[in-house]
Amino acid sequence: MHEQITVLLGNYPPEVVSLFHTLRKLIYDSIPDTPEEKLWAKLPSYYVGEAFVRLIPFKDHINIEASAAAAYQDALAGYKFTPKGMLQIYVRQAVPDAVLTQIFRKSLLGEFYI
């Protein structure tokens, strides 16, 4: 993991850090190549070319910024979306692995790989 992301996560409760690691692993597992991990405006971001997914930690949840997230709102009926279309997953919620894998793959690789 990028050293600056590790430092950033030190400011959050263990439950948020654990959720972050779960989501990060899903990103890496959802595509065949390794995404480029870096901070963009102090936000953990994962890139494949110009495409990206961002994991934005808060004290009790993580916002996921991914271009394909809005297309899966029906499949994520129990989850909140921000007005800007980011998916919010709270620390006590189950992680919808299968749907997130599709969102990450489509966001990072495009329609061709779905």
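Residues numbered from 1 in each chain as written. Predicted model: local features only at pLDDT ≥ 70, side-chain atom pairs only at ≥ 80, totals over all residues. Heavy atoms only, no water.

Applying the stated criterion across every chain yields a total of two aromatic pairs. Where Tyr47 meets Phe52, the ring centres are 5.9 Å apart and the plane angle is 45°; that geometry is what we call tilted. The class of Tyr47 is buried, set by a relative accessible area of 11%. Directly above the aromatic system of Phe52 lies the positively charged group of Arg54, at a separation of 3.9 Å from the ring centroid. (Phe/Tyr/Trp six-rings, centres within 6.5 Å; stacked < 30°, edge-to-face > 60°. Buried < 20%, exposed > 50% of the residue type's maximum accessible area, 1.4 Å probe, protein only. Lys NZ or Arg CZ within 6 Å of the ring centre and 35° of its normal.)

Structurally, Ser30 is set in helix α2 (residues 14-30). Ser30 gets classed as buried once you look at its relative accessible area, which sits at 2%. Ignoring sequence-local partners within four residues, the contact set of Ser30 consists of Thr101, Phe104 and Arg105. (Helix = DSSP H or I, 4+ residues; strand = E, 2+ residues; numbered from the N terminus. Contact = heavy atoms within 4.5 Å.)

Turning to the pairing of strand β3 (residues 51-57), a few remarks are in order. Most of β3 sits out of view: five of its seven residues are buried. Bridging between strand β2 (residues 43-48) and β3 involves four bridges; their strand directions are antiparallel. In the strand pairing of β3, Val48 is matched with Ala51. Linking β2 back to β3 in an antiparallel pair, the connection comprises two residues, with Gly49 at a positive phi of about 65°. Two strands pair when backbone bridges link them, and β3 and strand β4 (residues 61-66) are joined in this way by five bridges, in the antiparallel orientation. Note that in β4 the partner of Pro57 across the bridge is Ile62. The hairpin turn running from β3 into β4, its antiparallel successor, is three residues long. (Pairing = 2+ DSSP bridges.)

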